[in-house]
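Notes for the structure review
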Amino acid sequence: MTTAKHSKQNRAVISDYNGYDYKKIFWEDADRKYEDAADRMAIRKLLPREMENFVDVAGGYGRLADEYLPRAKSATLFDYSKTELAQAREKYGDKLKTKQGDIYNLPFKDGEFSTLMMIRATHHFKDMEKVLAELYRILRPGGIAVIEVANKRTLPRIARYFTGKTKASPFTHNVANLSDVDKDGFFNYHPKYIENLFREAGFKIDKVLSVSNFRSKGLKKVFGTKNLIKMEKGAQAILAPIRFAPSIYYRLEKPGDK
Ligand SMILES: C[S@@+](CC[C@H](N)C(=O)[O-])C[C@H]1O[C@@H](n2cnc3c(N)ncnc32)[C@H](O)[C@@H]1O
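Analysis parameters
Residues numbered from 1 in each chain as written. Predicted model: local features only at pLDDT ≥ 70, side-chain atom pairs only at ≥ 80, totals over all residues. Heavy atoms only, no water. Phe/Tyr/Trp six-rings, centres within 6.5 Å; stacked < 30°, edge-to-face > 60°. Helix = DSSP H or I, 4+ residues; strand = E, 2+ residues; numbered from the N terminus. Buried < 20%, exposed > 50% of the residue type's maximum accessible area, 1.4 Å probe, protein only. Lys NZ or Arg CZ within 6 Å of the ring centre and 35° of its normal. Contact = heavy atoms within 4.5 Å. Near = heavy atom within 4 Å. Polar contact = N/O pair within 3.5 Å; in protein donor to acceptor, adjacent residues only side chain to side chain. Areas by Shrake-Rupley, 256 points an atom, 1.4 Å probe, with all protein chains shown as cover. Nonpolar A, V, L, I, M, F, W, Y, C, P; charged D, E, K, R; others polar. Axes fitted to C-alpha atoms, helices over the stretch in contact; angles between N-to-C directions. Parallel < 35°, antiparallel > 145°, perpendicular 65-115°, else oblique. Left-handed = near helix turned anticlockwise from the far one by under 90°.

**Digging into the packing of aromatic side chains**
Inspection of the entire model under this criterion finds 17 aromatic pairs. Between F78 and F108, the ring centres sit 5.7 Å apart and the planes meet at 70°, which makes this aromatic pair edge-to-face. Of this pair, F78 sits in strand 4 (residues 72–79) while F108 sits in the loop between strand 5 (97–100) and strand 6 (113–118), and the two are 30 residues apart along the sequence. A relative accessible area of 1% means that F78 is categorised as buried. Among the aromatic residues, ring-to-ring pairing joins Y17, Y20, Y22, F26, W27 and Y61 into one connected group. Sitting over the ring of F26, R32 keeps its end group 3.7 Å from the ring centre.

Next up, the structure:
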């Protein structure tokens, strides 16, 4: 993720992972086994057991492909980064189709997929309305979308706000733009704001999970990764109604007959 580029069509910022070894730097070299396990737990609960035609949108190098490949008759990995798509092809070969492009203009037909998933990507997208319109378009009626959202209203941010360490309120519905991160900005969303966008796009919210509830270096030190994973198992559904975790997972349905 070395540079920020502007796409000509809509001037939205693209977080460019070309030439950045996301797999090694973010997942393998850092201590993120807990976060990876938390994502997998949520996906197992939310993805349909059997899927006709599935796409992993902004799926990177296919970190989560071993979760969806056994459930899908056909699976496609879509991403902007050629570097990551090449890593996926090396690992999965013909089992996983790959397609490169920009999320704001998805290179897929209307209603092409029965199911889609988009994990750890919303924080890159400045124009979520356009992203959701595209996701809705490529899903067939009755189709399912599993989308992870970067939450701005987390417990640590609430604590920082009430102890005066930040003036940025986690309670307002405006999009939080952490613009100095790698120059291209990370966007975080208030749950109510994003849920309104889902509904406005035409989706029905079917299920919600609270994910990565214990994402903290301190907690990892005190409890250890194994125990945090056990705690996460119980917490994802129980804590969903309060939506205070850094990742909120949604299972959405595009209304209509299959
Ligand atoms: C944090 S990674 C997440 C990858 C994967 N979903 C996962 O959970 O391991 C974010 C991904 O979004 C992709 N991305 C960023 N902007 C994009 C855009 N405009 N169109 C398509 N993909 C984009 C990046 O290339 C990167 O692979």
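Still to come is the rest of the account.
**What about the environment of L139?**
Note on placement: L139 falls in strand 7 (residues 139–150). Contact partners of L139, with chain neighbours within four places excluded, come to G111, F113, S114, T115, L116, I144, A145, F203 and K254.

**Observations regarding the site of the ligand**
The full set close to the ligand counts 20 residues, and A58, R63, D79, E84 and I119 are the nearest of them. Here Y22 contributes a side-chain N or O atom positioned 3.5 Å from an oxygen atom of the ligand. At 3.3 Å from a nitrogen atom of the ligand is found a main-chain nitrogen or oxygen belonging to Y80. In isolation the ligand offers 600 Å² of accessible surface; the protein chains occlude 98% of this area. Broken down by secondary-structure element, the contributors of at least two residues to the shell around the ligand are strand 2 (13–16) and strand 4. Here the shell around the ligand is built from residues that sort into nine nonpolar, six polar and five charged.

**Quick look at the packing of helix 5 (residues 128–138) against helix 7 (residues 191–201)**
For the pair helix 5 and helix 7, interaxial distance at closest approach is 10 Å and the crossing angle is 45°. Judged on the interaxial angle alone, helix 7 and helix 5 are oblique. Seen from above, helix 5 lies across helix 7 with right-handed handedness. In this structure, helix 5 contributes M128, E129, L132 and Y136 to the contact, and helix 7 contributes Y193, I194, L197, F198 and A201. For the contact of helix 5 with helix 7, the per-class residue count stands at eight nonpolar, no polar and one charged.

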